[in-house]
There are 2 protein chains.
Amino acid sequence: MERAKTDTRLWSNKAKNLSPYVPGEQPQHDNLCKLNTNENPFPPSAKVGEAITAVLAKQADELRLYPAPESDDLRAALAQLHGLDSQQVFVGNGSDEVLALVFASFFMKEHPLLAPDISYSFYPVYAQTFGVDLIQIALADNFSVDVNDYNQPCSGIIIANPNAPTGLLLSLTDIHKLVSAHPDAVVVIDEAYIDFAYAAKDSLDKAVSAISLINEFDNLLVTQTCSKSRSLAGLRVGMAFGNTSLIEALTRMKNSFNSYPLDKLAQAGATASVLDKTYFEQTCQQVIDLRESLTTDLTALGYQVLPSHANFIFARPKKGDASAVASALREQGIIVRHFNQPRIEEYLRITIGTAAQHQRLIDALKVL
Amino acid sequence: MERAKTDTRLWSNKAKNLSPYVPGEQPQHDNLCKLNTNENPFPPSAKVGEAITAVLAKQADELRLYPAPESDDLRAALAQLHGLDSQQVFVGNGSDEVLALVFASFFMKEHPLLAPDISYSFYPVYAQTFGVDLIQIALADNFSVDVNDYNQPCSGIIIANPNAPTGLLLSLTDIHKLVSAHPDAVVVIDEAYIDFAYAAKDSLDKAVSAISLINEFDNLLVTQTCSKSRSLAGLRVGMAFGNTSLIEALTRMKNSFNSYPLDKLAQAGATASVLDKTYFEQTCQQVIDLRESLTTDLTALGYQVLPSHANFIFARPKKGDASAVASALREQGIIVRHFNQPRIEEYLRITIGTAAQHQRLIDALKVL
């Protein structure tokens, strides 16, 4: 069926020339085994629901009023969690909104932005939205980032770590080297999946998050999200950590787009999640354990699985093309993500689910 | 105390040159009589809390998953309410986010944007954010909009109706004339306060909202919000209504900034509010009645009160300057808004509150 041509007569050139981001689909079927958008298989902390219910209980005095524009309580909780000052913390409507403000605040400059050629597919979209010249640096053949490849004039660098969709981790040593080498560029480490990562056994660092380097560098910004490790994709809360002057730029940019991006319930829920450290650590560990067992099972089936530090794995089927495997799984109600993109078209990105979901996946793959 | 100079070394020129919007303050004190940010004195519909609680009850399956990116249920409810198709409805994270996307989609063009010189103070901020040339057209001496003043080349026109902070209403006849006269420009009618408006007694129109003109014009966009008449400032939901091609541009722009701006709870709560028509109409009428009685009381005290169609009044004290009155009220815990801006510095904008709040205000003014 041919689609009616859109009338773009009244659109700005900006609107005409966009190629918007395409999120992973959110099909609404029963008995679906949804392993395509890296959602957490476990529910959020019970404290989240309790905190939101408490707000609703006095809703007459709450929802009718504007929320705290700078989400003070949430920023204070995040600052305490990471040993930072509140002024080093910014929050937004999901890390996607935070990243949009990052592009506008730090990358709209004379020199290009550098990013890996295979990474979060929203980066090229932001570059187009904000008129940023993006140079994509090829990953090595094993999909790793070589920080030496970034030694060229740039206004900024953005690297997802662990990277998506590969799941590979860049070491803190490499990040230190990268940030040191570019004192006049803002280096953004997008840590959407960092809570599922572990330091290499031979590493001198115990930490994996670049938040540990923030007090050392004024040009390092770290972004994170509540959508993955905190099981709150439905609540839309993302954050950035960095030097106070970087945070101030983001705050000014936010207040030139939309002053109140986090509603009262999202602020209350996310704060409760941050304060419940025990549940957070338990569920992250459970996801990691499930990832290791899924990796073992897929390897036994002849899949090549990259060593993942995220809540998904990136795996290549032994034979046949990945696209066909994805289609065959879909017929059985199992949705995984396939990227029709050079270099990675032979791979599938599979979100870590429950043990039962993994069993269903493995059973289906065995008889393909 | 001198403020430490911010280090803007790593900021984009865009970030350096912004003059962000300054929202009305949200002081956190007990026994405050807060009449400064046009929040509704009544709570939202009880259905809102019930709908959100229902989502939380099955939270394990809900908050961990991404929300519907295009807020389908909410858009369907709004479409039905206004006799439109869902494809003629857009929603965003408060009408502030909707307006930001409107500026990027329709006003980033060769010709300037026209807006009244006295209007919502976020418009000049957006113009700066998106590099839009804004020409401010002077209101008449009585603060009314004369649509004949807009007969000049432009890429777009934006008018708040009722206007803020004056509260004055532009008739549908005038809007029809304006939209007809500019077929190649997008005309945005920002109806944040329209649900408190009434048609003039001598008007042929019964309707006051320009939504009634949408099927007639492809260049008309109407924005509204749940923050005022639906008592949901804390939930951050705004909307736009227009021709499907205008809505498609907004959707593409949204998906180039942030794909999921409305969280699951905001979608559920706003949908429940839209469906509860009875409560909505009751509370709007109550606010209108309170506005009329406050107008009567202030007039009796010698205040000049503009005829308001909003949930605030714009009033000039009989003697003494408005700024001094605002300060004196503040000392008694009563917060109203004063704009230190030419032509309106003698006025106060006072949000419609409860009868008790009005009594406290009037009692305080009597002894000033």
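For chain A, the name recorded in an unreviewed UniProt entry is Histidinol-phosphate aminotransferase, with Psychrobacter frigidicola as its organism. Of the comments in the UniProt record for chain A, the one headed Pathway (unreviewed entry) reads "Amino-acid biosynthesis; L-histidine biosynthesis; L-histidine from 5-phospho-alpha-D-ribose 1-diphosphate: step 7/9." For the record of chain A, the UniProt heading Subunit (unreviewed entry) holds the text "Homodimer."

Enquirer: Before we go on, may I ask you to explain the overall build of chain A in this structure?
Expert: Helix and strand counts for chain A stand at 11 helices and 12 strands. Taken over the C-alpha trace, chain A has a radius of gyration of 21 Å; the compact-globule value for 368 residues is 21 Å, and the two agree within 12%. Expressed as a percentage of its 368 residues, the buried residues of chain A come to 61%. For chain A, contacts bridging at least 24 residues in sequence account for 73% of all contacts bridging at least 6. With the model as given, the accessible surface of chain A reaches about 14400 Å², and the carbon-plus-sulfur share is 49%.

Enquirer: Whenever I open this one, the sheet that holds strand β10 (residues 312-316) of chain B confuses me. Can you help?
Expert: By definition, the strands of a sheet pair up through backbone hydrogen bonds, in either a parallel or an antiparallel sense. All names here are of chain B. Ordered in space as β9-β10-β12, the three strands form an open sheet in which the pairing is antiparallel. Only two strands of the sheet have a single neighbouring strand rather than two, namely β9 (304-305) and β12 (348-351). As judged from the four bridges shared by β10 and β12, these two strands associate in the antiparallel manner. The residue bridging Phe 312 from the neighbouring strand is Thr 351, located in β12.

Enquirer: What exactly am I supposed to notice about the packing of aromatic side chains here?
Expert: Two numbers describe a pair of aromatic rings. These are the distance of the centres and the angle of the planes. In total, this model carries 27 aromatic pairs over all chains according to the counting rule given. One aromatic cluster is present, formed by Tyr 21, Phe 103, Phe 107, Tyr 120, Phe 122, Tyr 123 and Tyr 126 of chain A through successive ring pairs. In this structure, Arg 349 of chain A packs its charged tip against the face of Phe 312 of chain A, placed 5.7 Å from the ring centre. The residue whose ring lies beneath Arg 230 of chain B is Phe 280 of chain B, and the NZ or CZ to ring-centre distance is 4.0 Å.

Enquirer: Explain unusual backbone geometry here, please?
Expert: If a residue is not glycine, its phi is most likely negative; likewise, a peptide bond is most likely trans. Following Asn 161 of chain A, the chain continues into Pro 162 of chain A via a peptide bond in cis, with omega recorded as -5°. Considering the arrangement of structural elements, one finds Pro 162 of chain A in the loop between β5 (156-160) and α6 (172-181). With phi around 50°, Ser 71 of chain B is a residue other than glycine that occupies positive phi space. Residue class for Ser 71 of chain B comes out buried when judged on its relative accessible area of 3%.

Enquirer: How should the interface of chain A and chain B be read in this particular structure?
Expert: At the junction of the two partners, chain A supplies 84 residues and chain B supplies 84 residues. Together, the buried faces of chain A and chain B total about 6800 Å²; carbon and sulfur atoms form 56% of this surface. It is Leu 10, Arg 64 and Tyr 66 of chain A that lose the most area in chain A upon contact with chain B, and together they represent 12% of the buried surface on that side. Inspection of the region where chain A meets chain B yields four salt bridges. With a shortest N-O distance of 3.1 Å, Asp 218 of chain A and Arg 9 of chain B are connected by a salt bridge. Remark: the boundary between chain A and chain B carries 46 residue pairs in polar contact (both at pLDDT 80 or more). Of all the secondary-structure elements, those providing two or more residues to the side of chain A that touches chain B are α1 (13-16), α2 (46-57), α4 (94-107), α5 (122-129), α7 (244-254) and α8 (264-275) of chain A. Considering only residue class, the side of chain A that touches chain B consists of 43 nonpolar, 23 polar and 18 charged.

Enquirer: I keep staring at the UniProt feature "modified residue: N6-(pyridoxal phosphate)lysine" (unreviewed entry) in chain A and nothing clicks. Help me out?
Expert: Taking the UniProt record as the reference, the feature "modified residue: N6-(pyridoxal phosphate)lysine" (unreviewed entry) is found at Lys 228 of chain A. Topologically, Lys 228 of chain A is positioned in the loop between β7 (220-225) and β8 (238-242). Apart from residues no more than four positions distant in its own chain, Lys 228 of chain A is found in contact with Thr 37, Asn 38, Asn 40, Ala 192, Tyr 193, Phe 196 and Asn 311 of chain A together with Tyr 66 of chain B.

Enquirer: What's the story with the relation of the copies chain A and chain B in this structure? I'm lost.
Expert: Between chain A and chain B, the superposition needs a rotation of 180° and an axial shift of 0.0 Å, giving an RMSD of 0.0 Å. Here the copies are linked by what is in effect a two-fold axis. Among all residues of chain A, the one whose C-alpha sits closest to the rotation axis is Thr 53 of chain A, at a distance of 3.5 Å. Interface residue correspondence from chain A to chain B reaches 100%, placing this contact among same-surface, isologous pairings.

Enquirer: How do you make sense of the pattern of salt bridges when you look at a structure like this?
Expert: Any two side chains of opposite charge can pair, on the condition that their charged atoms come close. Counting across every chain of the model gives 18 salt bridges over all chains. When the shortest N-O distance is used, the salt bridge between Arg 9 of chain A and Asp 184 of chain B registers 2.6 Å. Here Arg 9 of chain A is found in the segment before α1, whereas its partner Asp 184 of chain B is found in the loop between α6 (172-181) and β6 (186-190) on a different chain. Overall, Arg 9 of chain A belongs to the partly exposed group, its relative accessible area being 38%. A relative accessible area of 57% places Asp 184 of chain B in the exposed class. One salt bridge in this structure joins Glu 292 of chain A and Arg 291 of chain A, with 2.9 Å as the shortest N-O distance. A relative accessible area of 0% places Arg 291 of chain A in the buried class.

Enquirer: Sorry, what's going on with the pairing of β7 of chain A here?
Expert: The side chains of a regular strand alternate, residue by residue, between the two faces of the sheet. Residue and element names in this part refer to chain A. Of all six residues that make up β7, six are buried, and the element is covered over most of its length. Both faces of β7 are covered, namely the face carrying Leu 220, Val 222 and Gln 224 and the face carrying Leu 221, Thr 223 and Thr 225. Where strand β6 (residues 186-190) meets β7, four bridges bridge the pair, whose relative direction is parallel. Counterpart to Ile 189 in the pairing with β7 is Val 222. Two elements, β7 and β8, share five bridges in a ladder whose sense is antiparallel. Its bridge partner lying in β8, Thr 223 is registered against Ala 240.

Enquirer: Is there a simple way to think about the packing of helix α9 (residues 277-300) of chain B against helix α11 (residues 355-366) of chain B in this case?
Expert: How two helices pack is summed up by the angle between their axes together with the distance between the axes. All names here are of chain B. Across the interface, α9 lies against α11 with an axial gap of 11 Å and an inter-helix angle of 10°. In terms of their interaxial angle, α9 and α11 are classed as roughly parallel. Contacts from Leu 290, Leu 294, Asp 297 and Leu 298 in α9 reach Ala 355, His 358, Leu 361, Ile 362 and Leu 365 in α11. Of the residues contributing to the contact of α9 with α11, the split by class is seven nonpolar, one polar and one charged.

Enquirer: Would you explain the side chain of Asn 258 of chain A in this entry?
Expert: Tracing the chain through its elements places Asn 258 of chain A in the loop between α7 and α8. There is a polar contact of 2.8 Å between the side chain of Asn 258 of chain A and the side chain of Asn 93 of chain B. Those residues in contact with Asn 258 of chain A that sit more than four places away from it in its chain are Glu 97 of chain A together with Asn 93, Asp 96, Glu 97, Phe 122 and Arg 236 of chain B.

Enquirer: Is there a simple way to think about helix α5 (residues 122-129) of chain B in this case?
Expert: Residues and elements named next belong to chain B. Burial analysis of α5 places six of its eight residues in the buried class, which makes it a mostly covered element. Where α5 is concerned, the buried positions are Phe 122, Tyr 123, Val 125, Tyr 126, Ala 127 and Thr 129. Buried residues in α5 make contact with α1 (13-16), α4 (94-107), β4 (134-137), β5 (156-160) and β6. Gly 131 sits one or two residues past α5 and shows a positive phi near 65°.

Rules used throughout
Residues numbered from 1 in each chain as written. Chains lettered and ligands numbered in written order. Predicted model: local features only at pLDDT ≥ 70, side-chain atom pairs only at ≥ 80, totals over all residues. Heavy atoms only, no water. UniProt positions renumbered as here; feature names shortened; annotations may be inferred. Helix = DSSP H or I, 4+ residues; strand = E, 2+ residues; numbered from the N terminus. Rg over C-alpha atoms; globule rule 2.2 N^0.38 Å. Buried < 20%, exposed > 50% of the residue type's maximum accessible area, 1.4 Å probe, protein only. Contact = heavy atoms within 4.5 Å. Areas by Shrake-Rupley, 256 points an atom, 1.4 Å probe, with all protein chains shown as cover. Pairing = 2+ DSSP bridges. Phe/Tyr/Trp six-rings, centres within 6.5 Å; stacked < 30°, edge-to-face > 60°. Lys NZ or Arg CZ within 6 Å of the ring centre and 35° of its normal. Buried area = accessible area lost by both parts, 1.4 Å probe. Salt bridge = Lys/Arg side-chain N within 4 Å of Asp/Glu carboxyl O. Polar contact = N/O pair within 3.5 Å; in protein donor to acceptor, adjacent residues only side chain to side chain. Nonpolar A, V, L, I, M, F, W, Y, C, P; charged D, E, K, R; others polar. Least-squares fit on C-alpha atoms with pLDDT ≥ 70 in both. Axes fitted to C-alpha atoms, helices over the stretch in contact; angles between N-to-C directions. Parallel < 35°, antiparallel > 145°, perpendicular 65-115°, else oblique.

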